[in-house]
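One letter stands for each residue in the lines below.
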Amino acid sequence: MKTKKKLLTFFYTVGILMMVMGLYAFKSANVHESYLPQTPWKNLKVLPQDISKDSLDYLMKGYTTALSVKCSYCHAPSTSDASKLDFASDLKIEKEIARGMIKMTDDLNANYFRPHFPEPKPAQVHVVNCVLCHRGVANPEKYLSQMGSMYQTYDPELINRKEKILEQMKKQ
Ligand code: HEC
Ligand code: HEC
């Protein structure tokens, strides 16, 4: 009788241990690193603070393709090691312009396209994106100004706005 009880307790203990270990293995096998909350980014002002590394990489690669540029078009070199980029730095005006572009694109999708989607409406729509206007050029306005009569509304007074702003910034 005593040995039977001892055996039962033994099997119970082993059983519970195996269950706990099984649950733990199940948990660690299913949680992929990219789905865990990421370490906070240093300087996000328009993108969500908790955006995963995968999503951020996907967006950034999209910007480079849409504009046919490299990361360094918007991101300034690091001050300590010029061979590396300092992604959190706000030294380049292109990064600030891009922030406005991200906000504009979100606004167009949310307020001008999503309302016309049939019910049940998706939480987010992506009708407008960078490439819709940029089509592989960094500045569509400058590019279209070379198309002659195709782009008649172009105002030559506004040429090189970014460069003019940069000049003013240097003088101050
Ligand atoms: C068209 C401009 C543009 C290009 C090109 C671009 N980025 Fe960005 N990137 C931004 C902007 C704007 C932000 C900040 C977004 C915000 O404020 O929410 C940012 C933020 C980041 C951050 C987060 C930095 C932090 O901690 O605050 C990383 C990392 C990053 N970019 C990597 C890249 C990489 C890698 C590439 C090239 C594959 C790239 N970016 C290309 C505009 C760009
Ligand atoms: C509705 C059209 C449109 C969309 C969508 C759009 N852009 Fe633009 N973007 C423009 C135009 C037009 C200019 C030129 C503005 C000027 O010269 O003042 C421009 C200029 C820029 C510039 C500055 C280029 C330079 O060096 O002169 C950057 C950087 C940029 N856009 C990034 C983006 C990114 C990133 C996205 C997507 C999140 C985006 N844009 C979406 C129309 C658009």
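Structural data are supplied above this passage.
All figures in this text were calculated on a predicted structure; none of them were measured in a lab.

**Comments concerning the packing of helix H3 (residues 93–113) against helix H6 (residues 161–171)**
- Look at H3 against H6: their axes get within 11 Å of each other, and the N-to-C directions meet at 125°. As judged from the angle between their axes, H3 and H6 are oblique. In this structure, the crossing between H3 and H6 has a hand that is right-handed. Judged by residue contacts, Ile-93, Glu-94 and Ile-97 of H3 engage Lys-162, Ile-165, Leu-166 and Met-169 from H6.
- Residue composition of the contact of H3 with H6, by class: 5 nonpolar, no polar and 2 charged.

**Quick notes on the site of ligand 2**
- Every one of the 20 residues lining ligand 2 counts as a neighbour, but Tyr-73, Met-101, Cys-130, Cys-133 and His-134 are closest to it.
- A distance of 2.9 Å separates an oxygen atom of ligand 2 from a polar atom in the side chain of Asn-139.
- In this structure, Lys-162 approaches ligand 2 through a side-chain N or O atom, which is 2.5 Å from an oxygen atom.
- For the shell around ligand 2, the elements supplying multiple residues, two or more each, are helix H2 (53–67), H3, helix H4 (130–134), helix H5 (140–145) and H6.
- Take the shell around ligand 2: its biggest share by element is 6 residues, from H3.
- Residues belonging to the shell around ligand 2 are distributed by class as follows: 12 nonpolar, 4 polar and 4 charged.

**A word on the coordination of the iron atom of ligand 2**
- Note on the iron atom of ligand 2: its protein donors are Met-101 (SD) and His-134 (NE2). The metal-donor distances range over 2.0 to 2.4 Å.
- The coordination sphere of the iron atom of ligand 2 comprises 6 donor atoms, whose angles at the metal cover 86 to 179°; the geometry is octahedral. With Met-101 in helix H3 and His-134 in helix H4, the pair connects residues that are 33 residues apart, well separated along the chain.
- Residue His-134 is classed as buried on the basis of its relative accessible area, which comes to 10%.

**Quick notes on unusual backbone geometry**
- That bond from Glu-119 to Pro-120 is cis: its omega, -10°, falls within 30 degrees of zero.
- One can find Pro-120 in the loop between H3 and H4.
- Its identity as a non-glycine residue notwithstanding, Ser-68 has a phi of 50°, on the positive side.
- Mapped onto the secondary structure, Ser-68 falls in the loop between H2 and H3.
- The exposure class assigned to Ser-68 is exposed, which follows from its relative accessible area of 53%.
- Here the phi dihedral of Arg-135 falls at roughly 45°; this positive angle occurs in a residue that is not glycine.
- For Arg-135, the location among the structural elements is in the loop between H4 and H5.

**Notes on the packing of aromatic side chains**
- Scanning all chains against the criterion turns up 0 aromatic pairs.
- When the ring centre of Tyr-73 is taken as reference, the NZ or CZ atom of Lys-92 above it lies at 5.7 Å.

Conventions used here
Residues numbered from 1 in each chain as written. Chains lettered and ligands numbered in written order. Predicted model: local features only at pLDDT ≥ 70, side-chain atom pairs only at ≥ 80, totals over all residues. Heavy atoms only, no water. Axes fitted to C-alpha atoms, helices over the stretch in contact; angles between N-to-C directions. Helix = DSSP H or I, 4+ residues; strand = E, 2+ residues; numbered from the N terminus. Parallel < 35°, antiparallel > 145°, perpendicular 65-115°, else oblique. Left-handed = near helix turned anticlockwise from the far one by under 90°. Contact = heavy atoms within 4.5 Å. Nonpolar A, V, L, I, M, F, W, Y, C, P; charged D, E, K, R; others polar. Near = heavy atom within 4 Å. Polar contact = N/O pair within 3.5 Å; in protein donor to acceptor, adjacent residues only side chain to side chain. Donors = N, O, S within 2.8 Å, 3.2 Å for Na, K, Ca; no water. Tetrahedral: all angles 85-135°; square planar, octahedral: opposite > 155°, others 65-115°. Buried < 20%, exposed > 50% of the residue type's maximum accessible area, 1.4 Å probe, protein only. Phe/Tyr/Trp six-rings, centres within 6.5 Å; stacked < 30°, edge-to-face > 60°. Lys NZ or Arg CZ within 6 Å of the ring centre and 35° of its normal.

By themselves, these are just geometric observations and shouldn't be taken as functional.
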